[in-house]
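# Tertiary structure, described
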Amino acid sequence: MTLDEARAADAADPLAHCRSRFALPEGVIYLDGNSLGALPVATPAAQSDLVERQWRDRLIRGWNEGWIEAPQRVGAKIAPLIGAKAHEVIATDSTSANLFKLIVAVLQASGRHTVLSEAGNFPTDLHVAEGAVKCVPNARLEIVTRESIAASIGPDTALVLLTHVHYKTAQRYDMKSITTTAHAAGAMMLWDLSHSAGAVGVDLNGADADLAVGCGYKYLNGGPGSPAYLFVAERHQGRLANPLSGWMGHAEPFAFADAYQPAPGIDRWLCGTPPVLALSALESGLACFDGVTMAQLEAKSAALFELFTARAAALGLECVTPAGPAARGSHISFRHPEAWPINNALIEAGVIGDFRAPDILRFGLTPLYLAFEDVWCATEILSDILSTGRWREPRFAARSRVT
Ligand SMILES: *Cc1c(COP(=O)(O)O)cnc(C)c1O
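Quick look at the structure, then.

The rules behind the values
- Residues numbered from 1 in each chain as written.
- Predicted model: local features only at pLDDT ≥ 70, side-chain atom pairs only at ≥ 80, totals over all residues.
- Heavy atoms only, no water.
- Near = heavy atom within 4 Å.
- Polar contact = N/O pair within 3.5 Å; in protein donor to acceptor, adjacent residues only side chain to side chain.
- Nonpolar A, V, L, I, M, F, W, Y, C, P; charged D, E, K, R; others polar.
- Axes fitted to C-alpha atoms, helices over the stretch in contact; angles between N-to-C directions.
- Helix = DSSP H or I, 4+ residues; strand = E, 2+ residues; numbered from the N terminus.
- Parallel < 35°, antiparallel > 145°, perpendicular 65-115°, else oblique.
- Left-handed = near helix turned anticlockwise from the far one by under 90°.
- Contact = heavy atoms within 4.5 Å.
- Phe/Tyr/Trp six-rings, centres within 6.5 Å; stacked < 30°, edge-to-face > 60°.
- Buried < 20%, exposed > 50% of the residue type's maximum accessible area, 1.4 Å probe, protein only.
- Pairing = 2+ DSSP bridges.
- Lys, Arg positive; Asp, Glu negative; His and termini not counted.
- Salt bridge = Lys/Arg side-chain N within 4 Å of Asp/Glu carboxyl O.

## Remarks on the site of the ligand
Within the structure, the ligand sits among Ser94, Thr95, Ser96, Phe122, Thr124, Asp125, Thr163, Asp192, Ser194, His195, Tyr217 and Lys218. Tyr217 is positioned with one of its side-chain polar atoms (N or O) 2.7 Å from an oxygen atom of the ligand. In this structure, an oxygen atom belonging to the ligand sits 2.5 Å away from a side-chain N or O atom of Lys218. Taken together, the residues that form the shell around the ligand break down as 2 nonpolar, 7 polar and 3 charged.

As structure tokens, this is what we get:
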């Protein structure tokens, strides 16, 4: 594809108008929306309304003027992006905390003891699972390779915990097939959607999934440290209990009772007071999906990926992301022993991707705001950095705390 052809693809792109919903900085090609989504144009005004009108003028009255329902309202806006019903999703806590709540809940409700997950899963998923199994007598965590997950689901497996799209390689599980295998063995299935929701099609109910969690600050554009979300299929809502039984998950928080009585439905997964400012920013991020279908996101993501791979093919980079669109998410990753300095040289040249230890160069292809021209120019710059060897300059070797 030539630059003119890339521009023609942008002109024909049904999602092209969504780019103006974001305040992207000049001179930057942003290929890291899978790690921190871009700032929506509407967010600053909505935040300032919340602080300067609602908080300052309405004070405590704000709770009855939309604040207290924010977790449910925002959850309902996430639901269509993940194939869930509105009352099956709630925006609350972090992905890590939501994982803990669901893992412990399943172990406590199950006669089985094993949580099964994948070696190389996102670190917090494994770390939280390690801590969660210590909270339930006789529970254990079993970590196996990706290839042996299906075969390892056994008579003691209470829960299979997997990340739908892998954060490094972008490999995507067939959600329906693994969920069916888990159910056939009598296990429940918990999907982490952090790298899928908002970028590729997700159909939790179509796959008969039991539980899910996901992140608000990646493809959902909720801002740094945005609240996460949690999904519990309707059929499980009455029987699973939140181990972080805080007052906001109580059936009647303002009855101020001593004894905990869980709220019916999804509300019981709340713990403490909702972070209203942060939930409002997430709500602004979700508004960027108005009028956008999952099929459009998925098609654009696949087309951006195709352009990237075609342009990168001549660079001799080892791509670790599967080629088939249904087998991957919305980022593309390459293995290179000098990934760190190469990524730094790219950032200096205005192409922001990221580095994942020890040797992965990762580029997020955010379908909502990335243009074909962006991918064309980014690959041109990548090619220049590799062919000139500019990344060898000593300043690109310095390490930073967050990568
Ligand atoms: C980003 C990400 C998280 C983040 O968890 P936090 O609690 O928000 O830090 C968790 N799981 C996966 C798979 C992720 O990609």
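## Some thoughts on the packing of helix 3 (residues 70–82) against helix 8 (residues 276–287)
In a packed pair of helices, the relevant descriptors are the angle between the two axes and the axis-to-axis distance. Contact geometry of helix 3 with helix 8 gives a least axis separation of 10 Å together with a crossing angle of 25 degrees. As summarised for this structure, helix 3 and helix 8 are arranged roughly parallel, according to the angle between their axes. Note on packing geometry: the crossing formed by helix 3 with helix 8 is left-handed. Taking contact as the criterion, the partners of Ala70, Pro71, Arg73, Val74, Lys77, Ile78 and Leu81 in helix 3 are, on helix 8, Leu279, Leu282, Glu283 and Leu286. Looking at side-chain class alone, the contact of helix 3 with helix 8 contains 8 nonpolar, no polar and 3 charged residues.

## Some details on the packing of aromatic side chains
Aromatic ring pairs are described here by two measures, namely the spacing of the ring centres and the angle between the planes. For the coordinates displayed, the defined rule picks out 11 aromatic pairs. Considering the side-chain rings of Tyr173 and Trp191, the 5.9 Å spacing of their centres and the 55 degrees angle between planes classify their relative orientation as tilted. Of this pair, Tyr173 sits in the loop between strand 5 (157–163) and helix 7 (175–184) while Trp191 sits in strand 6 (residues 188–192), and the two are 18 residues apart along the sequence. The class for Tyr173 is buried, based on a relative accessible area of 7%. Since its relative accessible area comes to 0%, Trp191 is described here as buried.

## Side note on the pairing of strand 7 (residues 211–214)
Strand residues, when the strand is regular, have side chains that alternate between the two faces of the sheet. Taking every second residue as pointing to the same face, both faces of strand 7 are buried, with Leu211 and Val213 on one and Ala212 and Gly214 on the other. Pairing geometry for strand 6 and strand 7, over 3 bridges, is parallel. Residue pairing for strand 7: Trp191 is matched across the bridge by Ala212. Pairing of strand 7 with strand 8 (residues 229–232), which is carried by 4 bridges, proceeds in the antiparallel orientation. Pairing of Ala212 across the sheet is with Phe231, part of strand 8.

## What to know about the side chain of Asp10
On the secondary structure map, Asp10 appears in helix 1 (residues 3–11). Buried and unpaired, Asp10 has Lys300 as its nearest opposite-charge partner, separated by 5.7 Å. Polar contacts involving the side chain of Asp10 include one to the main-chain amide nitrogen of Phe372, which spans 2.6 Å.

## So, the packing of helix 4 (residues 95–109) against helix 5 (residues 123–133)
Where helix 4 contacts helix 5, the axes come no closer than 9 Å and their chain directions differ by 40 degrees. The angle between helix 4 and helix 5 places the two elements in the oblique class. Seen from above, helix 4 lies across helix 5 with right-handed handedness. Here Ser96, Leu99, Phe100, Ile103, Val104 and Leu107 of helix 4 lie close against helix 5, whose contacting residues are Thr124, Asp125, Val128, Ala129, Ala132 and Val133.

Geometry only, nothing functional implied.
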